[in-house]
Amino acid sequence: METNIAASLPPTETISARYRDLDAWDSATVLEALWEAQLAAVAAVRPALPAIEAAAAASVPLLARGGRLVYAGAGTSGRIGVQDGAELPPTFDWPRHRVLLLIAGGEAALTGSIENAEDDADAAVAAIAGHAIGGDDIVLGIAASGTTPFTVAAVREAGRRGALTIGIANSPASPLLSAAAHPIAVATGAEAIAGSTRMKAGTAQKVVLNLYSTLVMVRLGRVHQGLMVDMQASNEKLRGRAVRMLRHLTGRDEAAVRGALQESGGRVKIAVLVLKGLDPAAAEALLQRNNGQLRAALAEFST
């Protein structure tokens, strides 16, 4: 009977014999076992790299013409999506109005459990419709089991409205992956604590989102020579980082760099071109002609 039950469950819900006596082990052994499981979760992402690359390649043209990134999920998966999306504006100066964070149960679910929210498929459909999701938008649905009604419904409705859909799940052959145009399966298997997908599944989901969103931002020209040249220098630490980046990229002294930053409104890419001899307006026009790609703008300036 137990075997039959296990066969009907998503892999993330099954019980692993490996951890049957976890609570009887000494603390050092527990930590070693949990650490090994985390390494296995990261390793499980490797086979999904081609799928992540394909999803990013399909996303970039839509975002380049004004599309939005929409993260949809419930519980742990929803919070991981929110974490990734919320980091895009400060890290890459991604416009805040072009990232939507849809978590089952709304903002209250960020810090607490909202009963039955993950089962509310109608709420997901209403959220997709309410935000007028359409053909230029990308909807990323995240669910460890791949069966969460809220997440599956969000992806299906977004697809019906013409959006590009990406599904990230830790259970292969799940409804979420079937619903998405770009399924990304990361088979992390049973958890050390059965069903606790904040562990291996959550780690793998965060890795996938890190890889996907970073690759997208690189392709959109928001990274140059491994530097976050579009970051928002909103505090003293980041203003210091902007100065260091400019000194590294141009070889100019601190006084010149700070002057160029001030003249450029704190925008690093504009400041690089100002330090090359352009005024801010000309630098802005040059970047626009090159789709925000500093490498291409510098190449044009040098010819």
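Thresholds, definitions, all that
Residues numbered from 1 in each chain as written. Predicted model: local features only at pLDDT ≥ 70, side-chain atom pairs only at ≥ 80, totals over all residues. Heavy atoms only, no water. Helix = DSSP H or I, 4+ residues; strand = E, 2+ residues; numbered from the N terminus. Buried < 20%, exposed > 50% of the residue type's maximum accessible area, 1.4 Å probe, protein only. Contact = heavy atoms within 4.5 Å. Core = buried A, V, L, I, M, F, W, Y, C linked by side-chain atoms within 4.5 Å. Axes fitted to C-alpha atoms, helices over the stretch in contact; angles between N-to-C directions. Parallel < 35°, antiparallel > 145°, perpendicular 65-115°, else oblique. Left-handed = near helix turned anticlockwise from the far one by under 90°. Nonpolar A, V, L, I, M, F, W, Y, C, P; charged D, E, K, R; others polar. Pairing = 2+ DSSP bridges.

A. Expanded view of the environment of Leu 211. Looking at the secondary structure, you find Leu 211 in helix α8 (residues 200-219). When its relative accessible area of 35% is taken as the criterion, Leu 211 is described as partly exposed. Residues Leu 211 and Leu 49, 162 residues apart in the sequence, show an inter-C-alpha distance of 8.7 Å. Setting aside residues no more than four positions away along its own chain, Leu 211 makes contact with Val 45, Leu 49 and Ile 52.

B. Spatial organisation of the environment of Pro 95. Tracing the chain through its elements places Pro 95 in the loop between α4 (75-92) and β2 (99-103). Separated by 64 residues in sequence, Pro 95 and Gly 159 place their C-alpha atoms 23 Å apart.

C. Looking closely at the nonpolar core. If you look at the biggest cluster of nonpolar residues, it comprises 32 residues, and the most contacted ones within it are Leu 69, Ile 138, Leu 140, Ile 184 and Tyr 212. The element contributing the most residues to this core is α8, with 7 residues. If sequence neighbours within four positions are ignored, Leu 69 has contacts with Leu 63, Leu 88, Arg 98, Val 99, Leu 100, Ile 138, Leu 140, Tyr 212 and Met 217. If you look at the next biggest cluster of nonpolar residues, it comprises 26 residues, including Met 231, Met 245, Ala 260 and Leu 286.

D. Expanded view of the packing of helix α12 (residues 280-289) against helix α13 (residues 294-302). Direction vectors running N to C along α12 and α13 enclose 115 degrees, while the axes themselves pass 8 Å from each other. Overall, the two elements α12 and α13 adopt an arrangement that is roughly perpendicular. Between α12 and α13 lies a crossing of right-handed hand. When α12 is examined against α13, the residues Leu 286, Leu 287 and Arg 289 are found in contact with a partner set consisting of Leu 294, Ala 297, Glu 300 and Phe 301. Per-class residue counts for the contact of α12 with α13 are 5 nonpolar, no polar and 2 charged.

E. Molecular detail of the pairing of strand β5 (residues 182-185). Burial along β5 is one-sided: His 182 and Ile 184 are buried, while Pro 183 and Ala 185, pointing the other way, are not. Pairing of strand β4 (residues 164-169) with β5, which is carried by 4 bridges, proceeds in the parallel orientation. Across the sheet, Ile 168 pairs through a bridge with Ile 184, a residue of β5.

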